[in-house]
Every structure is written in structure tokens, then in C-alpha cells.
Amino acid sequence: METPVHSEAQRTYDWMWIVFTISSLVLILTWGLKLPEPGRYFTVGGLLLIALFLWGFLELRVVITMSEVRFGFPFWRKRFPLKAVSVGDVVQLTVWNGIGIHRVARGWVFNARFGRAVEIFAGGVRYLIGSNDPERLQAALLRAAPRRGRA
């Protein structure tokens, strides 16, 4: 495993977990416990699956080494060799870009918080990678893969 030249993590909002925990407890106590035995298990199991799913979007990690860039969440990651990456601009993400991983009009968003992102092009696809300090991430990408514009 190569030594990273840049590494960062963007954590999602803590209030999301608080809201999920409180709403789950309310569901279990008011609705789930009134259900017959199998229904209770399905309710608790479903909430555990949702919690696992949300945990998968808790932290976006970006790692740049001398040969590749890796970014993504615990369950969903992307990896590209630096020679296949072109660095774009720092862009403002709109509310419509949302949180998580999803396709937008001209590419893919990998984002754990609302804010700004760095645009990269790899394999002919545009990626917006959320960052708490996008200028620093862009500078690290440009040092490792100095190509600007579309791949």
C-alpha cells in the first residue's frame, strides 16, 4: 500500500444520526411493540438495516497517492490511476446535488455534506467530490495529476 500524499475525510451531519435514533426509538416504542411477534422483529430488523445503510454514508474519504486517487464511502468507493484523471474547478453544490452518491445531469456526486466540491474527470465521466477544504484538495490533485480540464 502506497503512502498517501493527501488524505481527508468529510463527515456527514451529526444531527442526521440524532434524528434517526430518536425517530427509531419512537417507532419501536409506540408502533413496533404493539405489533405481533414477527412484526416486531421485522420493525427492529428494518431499522437496523436502515442504520447500517446510513452508516455507509457517514464519512467520505479521499486518498491521493503518487499513482492513484481513491474516494468514496465505506461501502462504495472509486479508484482511478492518476494518469487517467484530469482536475476541474471547485464548484458550489446545490441542494439538488444532495448528500451521498448519485447521478446528476453531467456526472456523479460523491458528497457527505452540503457545500463545495472538486470536479474531476476520469474515464470520460465527471465526478464532483465533496470536501471541507476544496481548494486544498484541488491543489493536492493538481500536484499529483497536473492535467486540467476534461479527461
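From a predicted model like this one, the values you see are computed outputs, not experimental measurements.

Each value, and the rule that gives it
- Residues numbered from 1 in each chain as written.
- Predicted model: local features only at pLDDT ≥ 70, side-chain atom pairs only at ≥ 80, totals over all residues.
- Heavy atoms only, no water.
- Buried < 20%, exposed > 50% of the residue type's maximum accessible area, 1.4 Å probe, protein only.
- Helix = DSSP H or I, 4+ residues; strand = E, 2+ residues; numbered from the N terminus.
- Arc of directions from axis to C-beta.
- Contact = heavy atoms within 4.5 Å.
- Pairing = 2+ DSSP bridges.
- Axes fitted to C-alpha atoms, helices over the stretch in contact; angles between N-to-C directions.
- Polar contact = N/O pair within 3.5 Å; in protein donor to acceptor, adjacent residues only side chain to side chain.

Engineer: Please set out helix α3 (residues 134-144) residue by residue, giving values where relevant.
Structural biologist: Among the residues making up α3, those that are buried are Pro 134, Leu 137, Gln 138, Ala 140 and Leu 141. Looking down the long axis of α3, one finds its buried residues gathered within 160° of arc, a one-sided arrangement. In this structure, the buried side of α3 is in contact with β1 (6-11), β2 (59-64), β3 (68-72), β5 (85-92), β8 (116-122) and β9 (125-131).

Engineer: Lay out the sheet that holds strand β7 (residues 107-111) with the relevant residues and their values.
Structural biologist: On the basis of which strands lie adjacent, the open sheet formed by five strands has the order β5-β8-β9-β7-β6 and mixed pairing. Every other strand in the sheet has two partners, leaving β5 and β6 (100-104) as the edge strands with one partner each. Each strand axis lies, on average, 20° off the axis of its neighbour in the sheet, ignoring direction. Bridge analysis of β8 against β9 gives seven bridges, and the strand direction is antiparallel. Of the residues in β9, the one forming a bridge with Ala 117 is Gly 130.

Engineer: Quick one: what's the story with the sheet that holds strand β4 (residues 77-81), residue by residue and with numbers?
Structural biologist: Taken in spatial order, the four strands make up an open sheet running β1-β2-β3-β4, and their pairing is antiparallel. Looking at the sheet topology across the chains shown, the edges are occupied by β1 and β4. Across this sheet, the average inter-strand angle for adjacent strands is 10°, counted without regard to direction. Two elements, β2 and β3, share four bridges in a ladder whose sense is antiparallel. Paired with Arg 61 across the two strands is Gly 72, which belongs to β3. Across the sheet, α3 is in contact with β1, β2 and β3; its angle to β2 comes to roughly 30°.

Engineer: Describe the side chain of Thr 65, and please don't skip the residues or the numbers.
Structural biologist: When you line up the elements, Thr 65 lands in the loop between β2 and β3. In terms of polar contacts, Thr 65 uses its side chain to reach the side chain of Glu 2, at 3.4 Å. Once residues within four sequence positions are removed from consideration, Thr 65 is found in contact with Glu 2, Thr 3, Pro 4, Val 5, Arg 70, Leu 82 and Ala 144.

Nothing here speaks to function; it is geometry throughout.
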